[in-house]
Amino acid sequence: RVFSTAFLPWWRVSHDDRVAATIRRYQHFNGGPNRFRVSCGSSHALVIGNDGSVQCFGDDSNGMAPREGIPGSFLAVAAGNNHSILLQYNGSVVGLGSNDHGQAPSLLPGPYVAIAAGLHNTVLLRLDGTAEFYGVQGFPNPQLAAVGWQFGEDPAWLTQAGPFVGIASAGSHTVAIRTDGSLVGWGDNQEGQAPVHVRGPFKFVTAGLGTTLAINEHGRLVAFGMLAPENPNHHSMGEVDELLADEGPFIAVTSSILKTIALRADGTIMQSKRGSSMHGLQISDSEEETFDGRFIAVDYSELKGFTVALRADGEVVTFGLDD
């Protein structure tokens, strides 16, 4: 599909094309459209192919990653714990997998411009930048709650906090970028991972368990929560300091207490590893990860420790994932 409508009168541009062009503008602000073509959940992964359909990898026990893939024309994917959220060309949203907390509605007309999936929740951005929240922000699993992450605050105030241009969600917190480039967060903030307001401006944000990583206007990484140098637990983070000191420029990054993977503007990938396990999380050591070539998207599952990356030529590369 051709997304540029600059040289056509408005009456010759379809509604779907106008929505898709708006989605692309949002995505260009947040690292570029390719960034949203790969997403890793707890045990499954989603990748948008060059034809707009979705390839699925990993666990499909709840119907969130059909082996045959998902035909259609999609612009973004978001994988949660056991659910998947897909943004279609016309701005509607499709949910797959478990909907036990209301996190995966089967179809929402929207139109929406951005999506994010946490463990048991989904956050959507509408055309006007307002946010909608589905599911629960927190850990129904007592084992996870016991290590320090609790249920987040009621997200009802979201409708008053925008407008937003970027969102990210993890287990017990959500972060968003406002139209002025500032960063706001809600939910669990005991490690400083969900700051109430940070001036910025920021161009990209991602969330992990107890962590948030953002990219500022210069392409540098900025850490909040357990990855931040000022955090008391930062002494166990090791190599992440090298990434934080790197001038980049970066266009995308994953946020995890075990490993950080950052994508440069030139398509090369840098990563830092901080150990094989922490708080019950595990890094897969089944393969040595070697990112040779030019990549356009990458994501990492911190619960299962696998990585999925997309090369510029459309080839999907996986490490530690049983597909």
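Look up a bit, the structure's there.
Residues numbered from 1 in each chain as written. Predicted model: local features only at pLDDT ≥ 70, side-chain atom pairs only at ≥ 80, totals over all residues. Heavy atoms only, no water.

Turning next to the side chain of Arg264. One can find Arg264 in strand E18 (residues 259-264). Non-local contacts of Arg264, meaning those with residues more than four positions away in its chain, are made with Asp246, Gly248, Pro249, Phe250, Ile251 and Met270. (Helix = DSSP H or I, 4+ residues; strand = E, 2+ residues; numbered from the N terminus. Contact = heavy atoms within 4.5 Å.)

Our focus in this paragraph is the pairing of strand E17 (residues 250-253). As paired strands, E17 and E18 are joined by 3 bridges and run antiparallel to one another. Within E18, the position partnered with Ala252 by the bridge is Leu263. Between E17 and E18, which pair antiparallel one after the other, the connecting turn spans 5 residues. (Pairing = 2+ DSSP bridges.)

Taken together, the 4 strands give an open sheet; going across it, the order is E4-E5-E6-E7, and neighbouring strands pair in antiparallel fashion. For this open sheet the edge positions go to strand E4 (74-79) and strand E7 (107-108), each flanked by a neighbour on one side alone. Summarising the sheet, strand E6 (residues 93-97) and E7 pair through 2 bridges and their orientation is antiparallel. If you follow Val94 over to E7, its bridge partner there is Leu107. Sitting on the sheet, helix H1 (residues 15-29) touches E4 and strand E5 (83-88), and the angle it makes with E4 is about 55 degrees. (Axes fitted to C-alpha atoms, helices over the stretch in contact; angles between N-to-C directions.)

Let us look at the packing of aromatic side chains. Taken as a whole, this structure holds 4 aromatic pairs when the rule is applied. Centroid distance Phe164 to Trp186: 6.3 Å. Interplanar angle 40 degrees. Geometry classified as tilted. Note that Phe164 is positioned in strand E11 (residues 164-169) and Trp186 in strand E13 (residues 183-187), a separation of 22 residues in sequence. Taking the relative accessible area as the measure of exposure, Phe164 reaches 0% and is therefore buried. Residue Trp186 is classed as buried on the basis of its relative accessible area, which comes to 2%. Look at Phe202 and Phe224: their rings are 6.3 Å apart centre to centre, the planes differ by 70 degrees, and that puts the pair in the edge-to-face class. In this pair, Phe202 sits in strand E14 (residues 202-208) while Phe224 sits in strand E16 (residues 221-225), placing the two residues 22 residues apart along the sequence. Phe224 carries the same exposure label as Phe202, and that label is buried. (Phe/Tyr/Trp six-rings, centres within 6.5 Å; stacked < 30°, edge-to-face > 60°. Buried < 20%, exposed > 50% of the residue type's maximum accessible area, 1.4 Å probe, protein only.)

Below, the discussion takes up the sheet that holds strand E15 (residues 211-216). Either a parallel or an antiparallel arrangement is found when strands of a sheet pair, and the pairing is made through backbone hydrogen bonds. Pairing is antiparallel in the open sheet, where 3 strands are placed in the order E14-E15-E16. Strands with a single pairing partner mark the edges of an open sheet, and in this sheet they are E14 and E16. Direction aside, the axes of adjacent strands within the sheet are offset by 20 degrees on average. Pairing analysis gives 6 bridges linking E14 to E15, with the strands arranged antiparallel. If you follow Phe202 over to E15, its bridge partner there is Asn216.

Quick look at the pattern of salt bridges now. For the structure shown, the criterion picks out 3 salt bridges. We note a salt bridge from Arg264 to Asp246, for which the minimum N-O separation is 2.8 Å. Residue Arg264 is found in strand E18, and its partner Asp246 is found in the loop between helix H4 (240-245) and E17; the two are separated by 18 residues along the sequence. We note a salt bridge from Arg311 to Glu315, for which the minimum N-O separation is 3.2 Å. The class of Glu315 is partly exposed, set by a relative accessible area of 41%. (Salt bridge = Lys/Arg side-chain N within 4 Å of Asp/Glu carboxyl O.)

Position of Cys56 among the secondary structure elements: in strand E3 (residues 54-58). Taking C-alpha positions, Cys56 is 4.9 Å from Leu46, a pair spaced 10 residues apart along the chain. Sequence-distant contacts of Cys56, defined by excluding residues within four places in its chain, comprise Ala45, Leu46, Ala65, Pro66, Gly69 and Ile70.

Here we come to the nonpolar core. Counting residues in each nonpolar core, the largest one holds 40 residues, and the members touching the most others are Val93 and Ile115. Here the element with the most residues in this core is strand E8 (residues 112-117); it accounts for 6 residues. Residue contacts for Ile115: discarding those within four places in its chain leaves Ala76, Val77, Ala78, Ile85, Leu86, Leu87, Val93, Val123, Leu124 and Ile167. Ranked by size, the runner-up nonpolar core spans 25 residues in total, among them Leu244, Leu258, Ala262 and Phe295. (Core = buried A, V, L, I, M, F, W, Y, C linked by side-chain atoms within 4.5 Å.)

Moving on, we get to the environment of Val113. Positionally, Val113 belongs in strand E8. Separated by 22 residues in sequence, Val113 and Gly91 place their C-alpha atoms 6.3 Å apart. Residues in contact with Val113, not counting those within four places in the same chain, are Thr22, Ile23, Tyr26, Leu87, Leu125, Arg126 and Leu127.

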